[in-house]
Number of protein chains: 2
Amino acid sequence: MKIALAQLNYHIGNFESNTNKIIDCIQKAKLQNIDLVVFSELAVCGYPPRDFLNFDNFILKCIDSINIIASECNDIAAIIGSPYFNPELKGKRLYNSAFFLNNSKITDIRHKTLLPNYDVFDEYRYFEPNRNFKTIEYQGKRIAITICEDLWNISDDPLYIANPMDELIKQKPDFIINIAASPFNYKQAEVRKSILTANVKRYKIPLFYINHIGAQTELLFDGGSMAINKEGDIVEELKYFEEDFKIFELEKLYIHSYKSQGIRHKSEIGMIHDALVMGIKNYFFKLGFKSAVIGLSGGIDSAVTCALAVKALGKENVKGVLLPSKFSSEHSIKDAEILANNLGIPYEIISIEEAYNTFEKTLKSSFTGKSFDITEENIQARVRAVILMALSNKFGYILLNTSNKSEAAVGYGTLYGDMCGGISVLGDVYKTQVYELANFINSKEEIIPQNSITKPPSAELRPNQKDNDSLPEYEILDKILFQYIEMSLGPDEIIEMGFDEPTVYKVLKMVNASEWKRYQTPPILRVSPKAFGMGRRMPIAAKYLI
Amino acid sequence: MKIALAQLNYHIGNFESNTNKIIDCIQKAKLQNIDLVVFSELAVCGYPPRDFLNFDNFILKCIDSINIIASECNDIAAIIGSPYFNPELKGKRLYNSAFFLNNSKITDIRHKTLLPNYDVFDEYRYFEPNRNFKTIEYQGKRIAITICEDLWNISDDPLYIANPMDELIKQKPDFIINIAASPFNYKQAEVRKSILTANVKRYKIPLFYINHIGAQTELLFDGGSMAINKEGDIVEELKYFEEDFKIFELEKLYIHSYKSQGIRHKSEIGMIHDALVMGIKNYFFKLGFKSAVIGLSGGIDSAVTCALAVKALGKENVKGVLLPSKFSSEHSIKDAEILANNLGIPYEIISIEEAYNTFEKTLKSSFTGKSFDITEENIQARVRAVILMALSNKFGYILLNTSNKSEAAVGYGTLYGDMCGGISVLGDVYKTQVYELANFINSKEEIIPQNSITKPPSAELRPNQKDNDSLPEYEILDKILFQYIEMSLGPDEIIEMGFDEPTVYKVLKMVNASEWKRYQTPPILRVSPKAFGMGRRMPIAAKYLI
């Protein structure tokens, strides 16, 4: 049996484009005498469709798509994910389903059992879990169809009480298919492979795994679909961060020696780089925009953001804007100009001086007797935002946000100022990782000026300001933040690891006291196991560790 | 048996204050020889604690609180909600539990079975559902303890397969206690009462229901706790939008005639008014702020917001700012001044003219050859935001957002401009409801100038601009929005109701195309069954009905 995995980039709600893409693959597969072509979870509508699932109209459009696709499935079978109405009165109204299409019709439907509902996942919000387990027969083979999380419940302290493969294996399936929507983070490729191979080792039958690629706003899907032979060895992986289509001969997957000769991966920082580039590219494409505007401060964050944007959109589609004030150092302007020249992008210099002075004047009588404080710093950042957004509005650019995760965590930024933008590129990248990214980008030639990398970070909103006037050194800060945000450790546990007690309390308090600010920031491209945004939901008017 | 219901306003994560409040009630109950005092769901930590639940440290603090409270429970029993660790390895790590405290210790723990995971609720994100059903014996009576949603599964097409009371009733309990966290919307009080009385009619035993009051950022809890006699008649309701403490004699609840002589409710608009006032008040108090700043345009939205703020915070704590431009009409300034004078609040007038002109000058060379468009409109709105935020920063005011739900729905507003603010007061109130609110506020005396109510709505960002240049009349727009947002109807279903086809498509497209904008707006006080924010989760880079 020849099985093809079709790893595609879907556009949420764009039924026409998704269906056409899927049908193109089916046509291609037919020409190559494929027996079965497999698409990923909720492929017809894109993942995650979120509350569009609450609209009957949306579900009906999904089912229409499935029927159109089914009509193409003559002389070939296909497996494809779609939401489906639960026919029972009891329980939630939908299933997250895998459709088996053959003889130009829907021949079987299987539903997802384990519905992830943590981090960025909300599947129990919409779907009823499956409770009936049945393999599917095709060309004399029995297939165990599972959907993503269905294979992830194999640890010693399992999150779910049920385990679908434990049921399906009783029916002696010949192989497993897992259709998935498993988003990227810099640990995920390794974790995913270890989970999938562990399944094969447990059930002792080959596995085909098919994932999404492409960005859905903040969620980045890296692909990495694969086939695993009966012994638990990976035979071949599909591409990362690209659409791909690969054909496998089922029979070979029972042969011991049929396996990959060692798969080499990019470094974590290399994967983050590729993920962010894809994130920018897809955000623009899926919203129908072409070009970006970025405020270039001469600092490392805007430099890295700009370099990634150029990679994603092309140098002709990235506009740099330098917005100096009286507090901007000479080298800041120079560094930003060198960057723009290295990247070959158009840029202009627009001084914020006059606008800032006008606000000072406008507010003079209101501020009588008050001295320069954070207010004036924020005004500068907000004047920059007004200018950048004006350029965005006038020319149809999307403004890229340049805040990093360390700043976003402790609230070191101006809401409606430097925290503006359509999408945050580095909001899930700690400052220390931004340096790594800069060096990665510079690995072949100097794109980001060395001075942007080596000079002490500064917001340059008052004379001689340095980030570490208000914050611990990033080397320390990022480590504390990681333990709190990614590891969910409390203050005592972090202090026990050897960090300074007052610093730990100060940092945790800053994080919790900035929830109101983060609530209003752009979506953040997610590259870590715990990003700000949908995956981390915090109360605002609360008082915990504050 | 004397049973007291303690309806309190908790502060999320503020264990000290919550515990003290609870203990004060227990002391008070002891003085009145109460046998059992009942607190609401997740009372010790406040509801919803969201991802704080992922921190062991947070759960341990909850359990510490329970133990401190238990030590006060001599000569009295208490029932109180708290998260609790699931002792099993299988399943999620927490339960949403009710603790029975007696003889100065924890004597029993029961867990929630039905975990709401729709709209604003995310309980399945954290909690394992209960599967063991056991009543509790106390003073010779059997109590069926249920937690909020546990009683809500009694329709003909139930959302959940399990029904905890169907299990508990087999043990012949004498009465039901339901500890809840049931947020307000303008339909909820009626729905809640019909669900609770339906339970009593089905199980034929009295019911005590205890809810939260108070605002948790956007979620508003209205209280309305109650006791229901064996026949399904409400005996008494506790206050709405206020803390309350009421004592009931259990034995009387078996007497037919012991019931309330008809409960009169405020109108929907009256409840919305009270909910919003509480929402503002609690947001400020729980964040430790005292005073608000509001941009007064002379229009109805800012006028209503301001009147609500004065009710919540006191006139001395609300600062009005008039920010006229060359497009502001004479009457706008006059209407805003009359409002400020009617309310007795301090106000100042700060012209945006100079700042706007400076931006025009600053951007002149960048904009060469381009004519006045939405860019310049947005600059005006953003200049206002810079000024309001400067006042907020300098004086410690929270800026109140004044956008209404109709505008928020169709994206009729400037991001980082009039869409700024710490909290959105009217973001869940359609424009047509804002008029109702204005008339409600004016019912005794004219507070909101009649002219603000009667003049055609305008953003006044270009000459002679009117809202209905870009939008359908609000009477039509709001009806279409209601069908789409609250009722989740698709375009065909709305058109079938008699609305104009191109208008329906235009409106739905505007809603879906504004997700990116709404993503970055402040939390919205929730008064409807479907508010923007946590309860409505939409993809951004999608293409559905666009």
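Here the structure is a predicted model, which is why all the values come from computation and not from measurement. (Residues numbered from 1 in each chain as written. Chains lettered and ligands numbered in written order. Predicted model: local features only at pLDDT ≥ 70, side-chain atom pairs only at ≥ 80, totals over all residues.)

**Q** When you look at the overall build of chain A in this model, what are you seeing that I'm missing?
**A** Looking only at helices and strands, one finds 17 helices and 19 strands in chain A. By its C-alpha atoms, chain A is 85 × 50 × 50 Å across when sized along the principal axes. In chain A, buried positions account for 58% of the 546 residues. Pairs at least 24 apart in sequence give 73% of the contacts found in chain A among residues at least 6 apart. (Helix = DSSP H or I, 4+ residues; strand = E, 2+ residues; numbered from the N terminus. Buried ≥ 20, exposed ≤ 12 C-beta atoms within 10 Å, placed from the backbone. Contact = placed C-beta atoms within 7 Å.)

**Q** Just to check I follow, could you spell out the environment of Asp233(B) for this structure?
**A** Residues and elements named next belong to chain B. Mapped onto the elements, aspartate 233 comes out in the loop between strand E12 (226-228) and strand E13 (234-237). Of the residues examined, aspartate 233 has 16 C-beta atoms within 10 Å and is grouped as partly exposed. Aspartate 233 sits 305 residues away from methionine 538 along the chain, and the two C-alpha atoms are 41 Å apart. Filtering out sequence-adjacent residues up to four positions away, aspartate 233 remains in contact with Ile228 and Lys259.

**Q** How do you make sense of helix H6 (residues 300-313) of chain A when you look at a structure like this?
**A** Every α-helix winds through 3.6 residues per turn, so residues three or four apart in the chain are directed the same way. Residues and elements named next belong to chain A. The end-to-end C-alpha separation of H6 is 20 Å, in line with the 20 Å expected for 14 residues at 1.5 Å each. The element H6 is largely enclosed, with a buried count of 14 among its 14 residues. The first or second residue beyond H6 is glycine 314, which carries a positive phi of 90 degrees. (Expected span 1.5 Å × (residues − 1).)

**Q** What am I meant to see in the packing of helix H8 (residues 353-362) of chain B against helix H9 (residues 374-395) of chain B here?
**A** The geometry of a pair of packed helices is captured by two quantities: the angle between their axes and the separation between those axes. Residues and elements named next belong to chain B. Axis separation between H8 and H9 bottoms out at 10 Å; the angle between their running directions is 130 degrees. In terms of their interaxial angle, H8 and H9 are classed as oblique. Judged by the sense of rotation from one axis to the other, the crossing of H8 with H9 is right-handed. Residue-level contacts link Ala355, Tyr356 and Phe359 of H8 to Ile379, Gln380 and Val383 of H9. A per-class count over the contact of H8 with H9 returns 5 nonpolar, 1 polar and no charged. (Axes fitted to C-alpha atoms, helices over the stretch in contact; angles between N-to-C directions. Parallel < 35°, antiparallel > 145°, perpendicular 65-115°, else oblique. Left-handed = near helix turned anticlockwise from the far one by under 90°. Nonpolar A, V, L, I, M, F, W, Y, C, P; charged D, E, K, R; others polar.)

**Q** Is there a simple way to think about the relation of the copies chain A and chain B in this case?
**A** Each of the two chain copies goes to the other by way of a rotation about an axis and a shift along it. For the match of chain A to chain B, the screw axis carries a shift of 0.0 Å, the RMSD comes to 0.0 Å, and the turn is 180 degrees. Classification of the inter-copy transformation places it as that of a two-fold axis. Minimal C-alpha distance to the rotation axis in chain A is attained by Gln520(A), lying at 2.1 Å. Comparing contact sets, 100% of the residues at the interface of chain A also lie at the interface in chain B, consistent with an isologous, same-surface contact. (Least-squares fit on C-alpha atoms with pLDDT ≥ 70 in both.)

**Q** What is the right way to look at the interface of chain A and chain B in this model?
**A** Listed as interface residues are 82 residues of chain A and, on the opposing side, 82 residues of chain B. Elements that contribute at least two residues to the side of chain A that touches chain B include exactly helix H2 (56-70), helix H5 (268-287), helix H8 (353-362), helix H9 (374-395), helix H15 (491-496) and helix H17 (515-519) of chain A. Per-element accounting of the side of chain A that touches chain B gives the leading share, 14 residues, to H9(A). A class-by-class count of the residues in the side of chain A that touches chain B yields 41 nonpolar, 21 polar and 20 charged.

**Q** I'm lost on the domain arrangement of chain A in this one. Help?
**A** By convention, interface size is frequently given as the accessible area that disappears when the constituent parts associate. Residues and elements named next belong to chain A. By domain assignment, chain A separates into domain 1 (2-264) and domain 2 (271-467). The straight-line distance from the C-alpha centre of domain 1 to that of domain 2 is 40 Å. Among the residues making up the side of domain 1 that touches domain 2, the classes are represented as 6 nonpolar, 3 polar and 1 charged. (Domains from an automatic or database assignment.)

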